[in-house]
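Here is what each chain is made of, one letter per residue.
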Amino acid sequence: MSSDELNKSNQNNQIFDRCSHSTSNISQDENTTGQKNKIFSRCSESPIDINVINTQQIQLPELKWMNYDKCPERMELTNSGETLILLPDWNEETPYVQGGPFEEDYIFSRIHFHWGQSVNGSEHTVDGVRMPLEMHAIHFKKEYLKMKLAKEYDDGMLIMVYFLELKSNHNPILDRLLSKLSHIQHADTKLFIEPFPIDDLLKPFLSDYYMYYGSIVTSEPTPVHWLVARQVIALSPEQLKLFHQLRKPNDVTIYDNARKANPFTNQLIYHVNPTHRFTNSTLSPIPVLCKKQFE
């Protein structure tokens with residue numbers, strides 16, 4: 001290994017040291033909720049505001065996206081009563097991501113969405129600004145085999161964040177999902193839809209993204225590596241309104257399922273492989289690789 005490669009490897013290992021610790025020496029019995037709470041004494045609960053000027057710029061190997069262009073065998077769309085979930089299933093060649101800050105593979109699991117009653121529907125904010133909608137691509141570390149088990153470890157979960165912004169034209173990929181929502185309006189209903197490669201919806205980014213280590217709290221705290229794409233995805237105002245077809249278990253419309261950004265945080269946020277040394281804009285326009293969808 002060259003000195004440059006060694007330095008990058010050491011940098012990868014140190015990135016999350018402020019908020020995480022290795023669980024390699026923790027037995028299954030010892031890795032309890034109490035143990036995980038110790039992690040969060042040094043971490044902030046997500047979502048957070050990303051203050052661009054205060055991010056720490058670093059150079060890491062490019063992310064590698066494997067099999068995201070493979071069409072799944074099945075694709076299920078679910079109204080969970082809290083959000084819209086897209087759950088693809090591959091018999092073989094399941095997508096996974098590697099490289100960047102990670103020394104091991106993270107397996108793609110599912111996608112879900114967060115929205116609001118108006119244009120302020122994202123959970124994370126950038127320089128205090130909320131976007132209309134936020135999409136989460138959920139991954140778990142390969143060595144833990146299942147997402148349920150991965151949640152028990154401080155390095156088990158990875159969530160990739162995509163912001164969606166309003167444009168005049170429809171996003172034809174989102175239409176594949178939104179055109180089916182009238183069939184799953186009620187909570188805990190699901191529908192199989194025509195499968196498509198998952199990279200039609202989420203756009204792989206190799207560099208120029210934000211990264212931090214945080215947590216989500218549902219029934220108990222779960223540590224999460226967060227990667228936030230600077231490339232935004234488009235949707236029309238009419239498409240945004242279609243999310244309001246979905247209902248909670250009490251049959252009330254899900255107008256807003258976005259948590260507010262945590263204002264009490266001094267979380268260290270990295271800007272990985274920035275395109276420019278000095279970042280003047282908070283988010284990037286839609287890149288050439290997905291502009292063709294809206295022409």
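The structure presented is a predicted model; accordingly, all values stated were derived computationally and were not measured.

Reading the values: the criteria
The residue numbers shown here count from 1 along each chain, following its written sequence. Only residues with pLDDT of at least 70 get local features here, since the model is predicted, and only at 80 or more are side-chain atom pairs given and counted; chain-wide, interface and lining totals rely on the full set of residues. Side-chain calculation: all heavy atoms of the structure are included, whereas hydrogens and water are not. Here a Phe, Tyr or Trp ring, Trp counted by its six-membered ring, pairs with any other such ring whose centre lies within 6.5 Å, and the pair is stacked when the planes are under 30 degrees apart, edge-to-face when over 60, and tilted otherwise. What counts as a helix is a DSSP run of H or I of at least four residues, what counts as a strand is a run of E of at least two, and both are numbered from the N terminus. Residue exposure (1.4 Å probe, protein chains only): buried if accessible area is under 20% of the type maximum, exposed if over 50%, otherwise partly exposed. Any Lys NZ or Arg CZ that is within 6 Å of a ring centre and within 35 degrees of that ring's normal is treated as a charge sitting over the ring. Only when DSSP finds a minimum of two bridges between them are two strands counted as paired. Buriedness of a pocket was judged along seven lines, with at least five required to meet protein on both sides within 12 Å; pockets are open sets of points on a 1 Å grid over the protein atoms alone, cavities are sets where a 1.4 Å probe fits but cannot get out, and lining residues have an atom within 4 Å of a point. Grid points are joined across faces, edges and corners, and a volume is the space filled by probe spheres set on the points. Throughout this entry, Asp, Glu, Lys and Arg are counted as charged residues, while Ala, Val, Leu, Ile, Met, Phe, Trp, Tyr, Cys and Pro are counted as nonpolar. The remaining residues, Gly among them, count as polar. What we call a nonpolar core is a set of buried Ala, Val, Leu, Ile, Met, Phe, Trp, Tyr and Cys residues that are connected through their side-chain atoms within 4.5 Å. Note on contacts: a residue pair is in contact if any heavy atoms of the two residues lie within 4.5 Å.

*Asks:* Break down the packing of aromatic side chains for me, with residues and values.
*Replies:* When we look at a pair of aromatic rings, we describe it by the centre distance and by the angle of the planes. Per the counting criterion, the structure on display carries 11 aromatic pairs. Residues Trp90 and Phe108 carry aromatic rings whose centres are separated by 5.9 Å and whose planes lie at 85 degrees to one another, so their mutual orientation is edge-to-face. Note that Trp90 is positioned in the loop between strand S5 (84-89) and strand S6 (96-99) and Phe108 in strand S7 (residues 102-115), a separation of 18 residues in sequence. Classification of Phe108 as buried rests on a relative accessible area of 3%. A ring pair is formed by Tyr212 and Trp226, whose centres lie 6.0 Å apart and whose planes are at 5 degrees; its orientation type is stacked. Of this pair, Tyr212 sits in strand S12 (residues 209-217) while Trp226 sits in strand S13 (residues 221-229), and the two are 14 residues apart along the sequence. A relative accessible area of 1% places Tyr212 in the buried class. The structure contains a cluster of three or more aromatic residues connected by ring pairs, namely Trp65, Tyr68, Trp90, Phe108, Tyr162, Phe205 and Tyr209. Residue placement shows Arg176 over the ring face of Phe196; its charged tip is 4.9 Å from the ring centre.

*Asks:* An account of the pairing of strand S4 (residues 74-79) is requested, with residue identities and associated values reported.
*Replies:* For S4, the tally of buried residues reaches five of six residues, placing the bulk of the element in the interior. Both S4 and S5 contribute to a ladder of six bridges, which runs antiparallel. Directly across from Glu76, in S5, lies its bridge partner Leu87. Hairpin geometry of S4 and S5 is characterised by an intervening segment of four residues between the two adjacent antiparallel strands and by a positive phi of about 90 degrees at Gly81. Alignment of S4 against strand S11 (residues 189-192), held across four bridges, turns out to be antiparallel. Bridge pairing links Glu76 to Phe192 in S11.

*Asks:* Explain the layout of surface pockets to me, using residue names and the numbers behind them.
*Replies:* Of the volumes computed, that of the largest pocket is approximately 810 Å³. Along the wall of the largest pocket there are 27 residues; nearest its centre are Glu82, His112, Lys151, Ile216 and Thr218. Among the residues forming the lining of the largest pocket, the class breakdown is nine nonpolar, nine polar and nine charged.

*Asks:* Lay out the nonpolar core in plain terms, naming residues and giving numbers.
*Replies:* Formed by 48 residues in total, the largest nonpolar core has its most connected members in Leu86, Ile111, Phe113, Leu201 and Leu202. No other element matches the six residues that S7 contributes to this core. Setting aside its immediate chain neighbours within four residues, Leu202 contacts Trp65, Tyr68, Phe108, Ile111, Met135, Ala137 and Tyr162. In this structure, Ile48, Tyr153, Val161 and Val228 belong to the second largest nonpolar core, which totals 24 residues.

*Asks:* Break down the environment of Asn67 for me, citing the residues and quoting the values.
*Replies:* As for its position among the elements, Asn67 is in the loop between strand S3 (63-66) and S4. Once the C-alpha coordinates of Asn67 and Val97 are considered, the two residues, 30 residues apart in sequence, prove to be 8.9 Å apart. Excluding residues that lie within four positions of it along the chain, Asn67 makes contacts with Glu93, Thr94, Pro95 and Tyr96.

*Asks:* Which residues make up unusual backbone geometry, and what values go with them?
*Replies:* In this structure, Pro47 follows Ser46 across a cis peptide bond, with omega equal to 0 degrees. For Asn67, which is not glycine, the phi dihedral falls at a positive 70 degrees. Here Asn67 falls in the buried class, since its relative accessible area comes to 19%. Its identity is not glycine, yet Asp188 carries a phi of approximately 65 degrees, on the positive side. Mapped onto the secondary structure, Asp188 falls in the loop between helix H4 (172-178) and S11. By relative accessible area, which is 58% here, Asp188 ends up exposed.

*Asks:* Summarise the pairing of S13; cite the residues concerned and give the values.
*Replies:* Most of S13 is tucked away: nine of the nine residues are buried. Residues Pro221, Pro223, His225, Leu227 and Ala229 line one face of S13 and the alternating positions Thr222, Val224, Trp226 and Val228 line the opposite face, and both faces are buried. The pairing of strand S10 (residues 157-166) with S13 spans four bridges and is parallel. When the sheet's bridge partners are listed, Val161 is paired in S13 with Val228. Pairing analysis gives nine bridges linking S12 to S13, with the strands arranged antiparallel. Counterpart to Gly214 in the pairing with S13 is Val224.

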